[in-house]
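Chain and residue survey
Below are the chains, spelled out letter by letter.
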Amino acid sequence: LHIWNGDEISFQVEPPEALKRVASVENYKMVMKENQVDAAIITQPINYKFDHSYVASVIEKNREIFRGILLANPELETKELKNEIER
């Protein structure tokens, strides 16, 4: 699931109008419940580039239902990349 944050002040990228409601964490949780889905893997749209702070914050608050994937930054050194993955 690609997630978007509606708070452009905190995460700098406002979702497209058509996705504001449907791609929110709250909406995904509601749809998951309606369809008896216990867990999901989330990722971020390319618009956030290598800033995984929003995905990380969603996972931190919802560890029981979400896991995430990241977009690896090819410019990071091995140690930095390892730290990002472990975050």
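See above for the structure.
Read on for an overview of the structure. (Residues numbered from 1 in each chain as written. Predicted model: local features only at pLDDT ≥ 70, side-chain atom pairs only at ≥ 80, totals over all residues. Heavy atoms only, no water.)

Turning our eyes to something else, we now look at unusual backbone geometry. Backbone phi values are negative for most residues with the exception of glycine, while trans is the configuration of most peptide bonds. Positive phi is not limited to glycine here, since glutamine 36 has a value of about 55°. Checked against the element boundaries, glutamine 36 lands in the loop between helix H2 (25–34) and strand S1 (40–42). For glutamine 36, a relative accessible area of 72% gives the class exposed. (Helix = DSSP H or I, 4+ residues; strand = E, 2+ residues; numbered from the N terminus. Buried < 20%, exposed > 50% of the residue type's maximum accessible area, 1.4 Å probe, protein only.)

So, about H2. Residues Val25, Asn27, Tyr28 and Met32 constitute the buried set of H2. The buried side chains of H2 occupy one side of the element, clustering within an arc of 160° when seen end-on. Opposite its buried face, H2 presents the exposed residues Glu26, Lys33 and Glu34, each directed more than 90 degrees away. Residues of H2 that are buried sit in contact with S1, helix H3 (53–61) and strand S2 (66–68). One or two steps after H2, the chain reaches glutamine 36, where phi turns positive at roughly 55°. (Arc of directions from axis to C-beta. Contact = heavy atoms within 4.5 Å.)

On to a nonpolar patch on the surface, then. On the surface, a cluster of nonpolar side chains totalling about 270 Å² of accessible area is made up of Ile46, Phe50 and Leu71. Here isoleucine 46 lies in the loop between S1 and H3. (Patch = residues over 30% accessible without salt bridge, like charges linked within 9 Å, V, L, I, M, F, W, Y side chains within 5 Å. Areas by Shrake-Rupley, 256 points an atom, 1.4 Å probe, with all protein chains shown as cover. Salt bridge = Lys/Arg side-chain N within 4 Å of Asp/Glu carboxyl O.)

All right, on to the pattern of salt bridges then. Applying the stated criterion across every chain, the model contains one salt bridge. One salt bridge connects arginine 63 with glutamate 60, and the closest N-O pair in it is separated by 2.6 Å.

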